[in-house]
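Fold and contact review
Read off the chains here:
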Amino acid sequence: MSQHNHSKEAAAFNQDFDRTTWHDETLWFVRQKRDKAVMPIPEFQELRNLASSIKDHTLSQLDQYLIEFEANALKNGIRVHWAANADEHNQIVLDIIQKSNQNIVENRNIRLVKSKSMLTEECHLNAFLLNNNIDVVDTDLGERIIQFRDEPPSHIVMPAIHLKKEDVGETFHQHLGTQKGEKDPQILTEAARHHLREKFLAADVALTGVNFAIAETGSFVVCTNEGNADLGVNLAKVHIACMGIEKIIPKLAHLAVFTRLLARSATGQPITSYTSHFTKPENGKEMHIVIVDNGRTQQLGREDFRNSLKCIRCGACMNTCPVYRRSGGHSYNFTVPGPIGAILSPNIDLHKYSSLPFASTLCGSCSDVCPVKIDIHVQLYKWRQVVGEKNELSKIKKWSMKGLASVLSMPKVYDLGGKIARGTLRILPHAISHQKNINPWAKARELPTPPTQSFKEWYVENKKKK
Ligand code: SF4
């Protein structure tokens, strides 16, 4: 598989300077909302510690909790399926859909409404079902917008955050027949509501993700702000819920710890508008849960990286990351973008995603906001070492690192290099010192005036004075 190049993709996003700045500011606004929602909770850090410990404990006994969940879910009347990878997951979902709709008499495709699920994005379920003549409609507003545009999500909580209202207006004009140039969010949302209402009413099957699955009760919880998951599953006769194995929590009493953290960290809300509990199917209806591994046990076995499985997909690390904010979610070319995506993706394909652990300043802001205290920046740094050890560094990076290592190991050469660089930068014309191909650092920045002496020289001189 070819190697993905994050900086190249980011450079393409940066071509539109105004959009890049707008994207940066929009995400930063969400980060600030998160701060405002967190500040009034004096025990917020305690909640983070507790959530992290619950996840640590759960991951240490994941097999047992999964079995406990399965036994209790079966008792409740939920049908439980296990999938080792994306292909198995997709085939199981298709089998359930076809089996439960054998009695359709009209000559038409089976209709499925789907609420947001990053796992199904990861498994490329939509494309698979559409190829098998299932009409799939994403019902989350952001997801529906990008489904119309045939694009992947660019953020795990706000999938269409890369689009402005003008873009949405044009998309709805093309697909829903709204007036050309219409960009009023209320009018556009109303159009989407009418369109989706028809889809809900006609659906045969509803598919949801899972935010938390509770081993003790065999039930699961789905959090949405639009109520689309609830409308879908209440109207359709079959509910399929798809979850990664890491979504388990041991007890119902643990749930509030996570729901208090999730919405505040994600969007700065005290709680998501709908926190729906599913325990058993209604009379005459079917409820299925598909539990998926798809590389998670491999990550569980990597001691340095297992913490990444604590992730509750709030997106806070993306909203705060200066690299994500200015490079856009699509530049990661992985289902989960941003800092957490950069530590999950090398587990799936180290060669393909070897550039992602370098898409970070290692400032640690991601780890600071993470509600389950994943040491994200530390893992990014560790992945960089793995990438180097496995010989997956790009040639230019490999040789520049080697060159730098030799210079840094020879203090005299380092001192001389610094002196030459300072002197040269002072006399070079601006057009050359800021030439984008020679000095990419100066693409969007001014270089400071070079100092006349190095810190080392200054220190020796001033130490003498004392
Ligand atoms: S790593 Fe932490 S901050 Fe990032 S999405 Fe997951 S839970 Fe949220």
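All of the points below concern the structure found in this document. (Residues numbered from 1 in each chain as written. Predicted model: local features only at pLDDT ≥ 70, side-chain atom pairs only at ≥ 80, totals over all residues. Heavy atoms only, no water.)

We now examine the pairing of strand β7 (residues 238-244). By the criterion of burial, β7 is predominantly enclosed, with seven of the seven residues buried. Neither face of β7 is left uncovered, since the one carrying Val238, Ile240, Cys242 and Gly244 and the one carrying His239, Ala241 and Met243 both have all their residues buried. Taken together, the four bridges between strand β4 (residues 205-208) and β7 define a ladder with parallel strand orientation. Paired with Ala206 across the two strands is His239, which belongs to β7. (Buried < 20%, exposed > 50% of the residue type's maximum accessible area, 1.4 Å probe, protein only. Helix = DSSP H or I, 4+ residues; strand = E, 2+ residues; numbered from the N terminus. Pairing = 2+ DSSP bridges.)

Okay, the site of the ligand next. Neighbouring the ligand are the residues Cys311, Ile312, Arg313, Cys314, Gly315, Cys317, Ile340, Cys370, Pro371, Val372, Ile374 and Ile376. Of the residues that constitute the shell around the ligand, the class distribution is 10 nonpolar, one polar and one charged. (Near = heavy atom within 4 Å. Nonpolar A, V, L, I, M, F, W, Y, C, P; charged D, E, K, R; others polar.)

Here the phi dihedral of Asn294 falls at roughly 45°; this positive angle occurs in a residue that is not glycine. Looking at the element boundaries, Asn294 is found in the loop between β10 (286-292) and α13 (296-300). Overall, the relative accessible area of 17% leaves Asn294 in the buried class. Phi at Lys373 is positive, roughly 55°, even though this residue is not glycine. Along the chain, Lys373 turns up in the loop between α17 (365-369) and α18 (376-389).

We now examine the environment of Gly227. With respect to the element layout, Gly227 can be found in the loop between β6 (219-224) and α11 (228-235). Accessibility expressed as a relative area gives 11% for Gly227, which makes it buried. Along the sequence, Gly227 and Thr275 sit 48 residues apart, while their C-alpha atoms lie 9.1 Å from each other.

Strands sit in the order β1-β10-β7-β4-β2-β3 across an open sheet of six strands; the sheet is parallel. Pairing within the sheet leaves two strands with one partner each, and these edge strands are β1 (79-83) and β3 (134-138). Neighbouring strand axes in the sheet, compared pairwise and without regard to direction, differ in orientation by 20° on average. Where β7 meets β10, seven bridges bridge the pair, whose relative direction is parallel. Counted as the bridge partner of Cys242 is Val290 from β10. (Axes fitted to C-alpha atoms, helices over the stretch in contact; angles between N-to-C directions.)

For the rest of this paragraph, the subject is the packing of helix α9 (residues 165-176) against helix α10 (residues 185-202). At a closest axis distance of 10 Å, the pairing of α9 and α10 adopts a crossing angle of 35°. Seen from above, α9 lies across α10 with left-handed handedness. Here Lys165, Val168, Gly169, Phe172 and Leu176 of α9 come into contact with α10, specifically with Pro185, Leu188, Ala191, Ala192 and His195. Among the residues forming the contact of α9 with α10, the class breakdown is seven nonpolar, two polar and one charged. (Left-handed = near helix turned anticlockwise from the far one by under 90°. Contact = heavy atoms within 4.5 Å.)

This part is about a nonpolar patch on the surface. A cluster of nonpolar residues, Leu425, Leu428, Ile432 and Ile438, forms a patch on the protein surface that exposes about 340 Å² of accessible area. Along the polypeptide, Ile438 turns up in the loop between α21 (430-433) and α22 (455-465). (Patch = residues over 30% accessible without salt bridge, like charges linked within 9 Å, V, L, I, M, F, W, Y side chains within 5 Å. Areas by Shrake-Rupley, 256 points an atom, 1.4 Å probe, with all protein chains shown as cover. Salt bridge = Lys/Arg side-chain N within 4 Å of Asp/Glu carboxyl O.)

The strands making up a sheet associate through backbone hydrogen bonding, with each pair oriented either parallel or antiparallel. A sheet is described by the order of its strands in space; here four strands give the open sequence β8-β5-β6-β9, paired in mixed fashion. What marks the edges here is a single partner per strand, and that holds for β8 (248-249) and β9 (274-278). Summarising the sheet, β6 and β9 pair through five bridges and their orientation is antiparallel. Counted as the bridge partner of Cys223 is Thr275 from β9.

Applying the stated criterion across every chain yields a total of eight aromatic pairs. Considering the side-chain rings of Phe212 and Phe258, the 5.6 Å spacing of their centres and the 40° angle between planes classify their relative orientation as tilted. Of this pair, Phe212 sits in strand β5 (residues 212-214) while Phe258 sits in helix α12 (residues 255-267), and the two are 46 residues apart along the sequence. By the burial criterion, Phe212 is buried, and Phe258 matches it. A ring pair is formed by Phe455 and Trp458, whose centres lie 5.8 Å apart and whose planes are at 25°; its orientation type is stacked. Highlighted residues: Phe455 and Trp458, both in helix α22, separated by three residues, approximately one helical turn. On the accessibility criterion, Trp458 (42% relative accessible area) is partly exposed. By the ring-pair criterion, three or more aromatic residues cluster together here, those being Phe455, Trp458 and Tyr459. Here the guanidinium or amino end of Lys55 rests over the ring plane of Phe258, the centre of that ring lying 5.5 Å away. Sitting over the ring of Trp441, Arg445 keeps its end group 4.4 Å from the ring centre. (Phe/Tyr/Trp six-rings, centres within 6.5 Å; stacked < 30°, edge-to-face > 60°. Lys NZ or Arg CZ within 6 Å of the ring centre and 35° of its normal.)

Let us now look at the environment of Pro185. Here Pro185 shows up in helix α10. Residue Pro185 is classed as partly exposed on the basis of its relative accessible area, which comes to 47%.

Opposite charge on two side chains lets them pair, provided their charged atoms get close. Counted according to the given criterion, the structure contains 23 salt bridges. The salt bridge involving Asp167 is made with Arg19; its shortest N-O contact spans 3.0 Å. Taken together, the residues span a long stretch of sequence, with Asp167 in helix α9 and Arg19 in helix α2 (residues 17-38) at a distance of 148 residues. We classify Asp167 as buried; its relative accessible area is 17%.

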